[in-house]
Amino acid sequence: MNRQNLIVFLIMLLASSSIHATYDITLESTDDRNHTLSEYIGHGNWVVLNIWGTRCPPCREEMPELVSFHDNYSSDDAIVVGIAIDFPSYGYAKKDEVLAFADDYLIDFPLLLGDSSITEKSGLGRLDALPTTYLFNPDGEIVGIHVGAITEKILEQFINKLKLRSPPSLNEK
């Protein structure tokens, strides 16, 4: 594993401890329905919330890793949720581009549409770059933030480290 990426993720974990977020933000989905982040976060699964753009080179690079992670863990205890925003404008995502991208990359995790204001509206702070990944524990607490492309291996190792440190959640009893 790239030690620098893990160190950045761990540093961001420390910064995330002061974040107080709300997940009742409603977003349009690629399935033509509205969804809230609270539908996914805090229900006994690790949630990898990835904010990305269809024309963002590092986003394109990391997408196969996220698809693989979701495919390997969604039946167990972790899911990926994507929020697409337009790149490079950081404006509202273009649904037709997101659908074409999802088809090209065989994305089967939930995809929501938004713009860069989503992180501030939800209390996660300012979105400074794409891609940005937020990691939530099974109880819905934010436990990590990673700016830049992420890999399946980084996610696996980080979650495993946190599982070893944490007492069982209420959902596991």
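As the structure is a computational prediction, the values presented were derived from the model and not from experiment.

Asks: Is there a simple way to explain the nonpolar core in this structure?
Replies: Soluble globular proteins tend to pack their nonpolar side chains together in the buried interior. Formed by 51 residues in total, the largest nonpolar core has its most connected members in Ile83, Tyr134 and Phe136. Those elements that provide at least two residues to this core are β3 (46-52), α2 (57-73), β4 (78-84), α3 (95-105), β5 (111-113), β6 (132-136), β7 (142-147) and α5 (152-165). Residues within four places of Ile83 in sequence aside, it is in contact with Leu27, Leu37, Leu49, Asn50, Ile51, Trp52, Leu112, Gly114 and Ile118.

Asks: Any chance you could explain unusual backbone geometry here in plain terms?
Replies: Backbone phi values are negative for most residues with the exception of glycine, while trans is the configuration of most peptide bonds. Phe87 connects to Pro88 through a cis peptide bond whose omega is 15°. Topologically, Pro88 is positioned in the loop between β4 and α3. The residue after Leu130, namely Pro131, is reached through a cis peptide bond having omega -10°. Tracing the chain through its elements places Pro131 in the loop between α4 (118-121) and β6. Within the chain, Asp32 stands out as a residue other than glycine whose phi angle is a positive 65°. On the secondary structure map, Asp32 appears in the loop between β1 (26-29) and β2 (34-36). Judged by relative accessible area, Asp32 falls into the exposed class, the value being 61%.

Asks: Quick question: what am I supposed to make of the packing of aromatic side chains here?
Replies: Between two aromatic rings, the relevant description is the distance of the centres plus the angle of the planes. Inspection of every chain in the model, using the stated rule, returns five aromatic pairs. With a centroid separation of 4.7 Å and an interplanar angle of 35°, the aromatic rings of Trp52 and Phe101 are classed as tilted. Within this pair, whereas Trp52 is found in strand β3, its partner Phe101 is found in helix α3, the two being separated by 49 residues in sequence. Phe101 matches Trp52 in its accessibility class, with the two residues each being buried. Measuring from ring centre to ring centre gives 6.3 Å for Phe87 and Tyr90, while their planes differ by 45°; the resulting arrangement is tilted. On the accessibility criterion, Tyr90 (19% relative accessible area) is buried.

What counts, and at which threshold
Residues numbered from 1 in each chain as written. Predicted model: local features only at pLDDT ≥ 70, side-chain atom pairs only at ≥ 80, totals over all residues. Heavy atoms only, no water. Core = buried A, V, L, I, M, F, W, Y, C linked by side-chain atoms within 4.5 Å. Buried < 20%, exposed > 50% of the residue type's maximum accessible area, 1.4 Å probe, protein only. Helix = DSSP H or I, 4+ residues; strand = E, 2+ residues; numbered from the N terminus. Contact = heavy atoms within 4.5 Å. Phe/Tyr/Trp six-rings, centres within 6.5 Å; stacked < 30°, edge-to-face > 60°.

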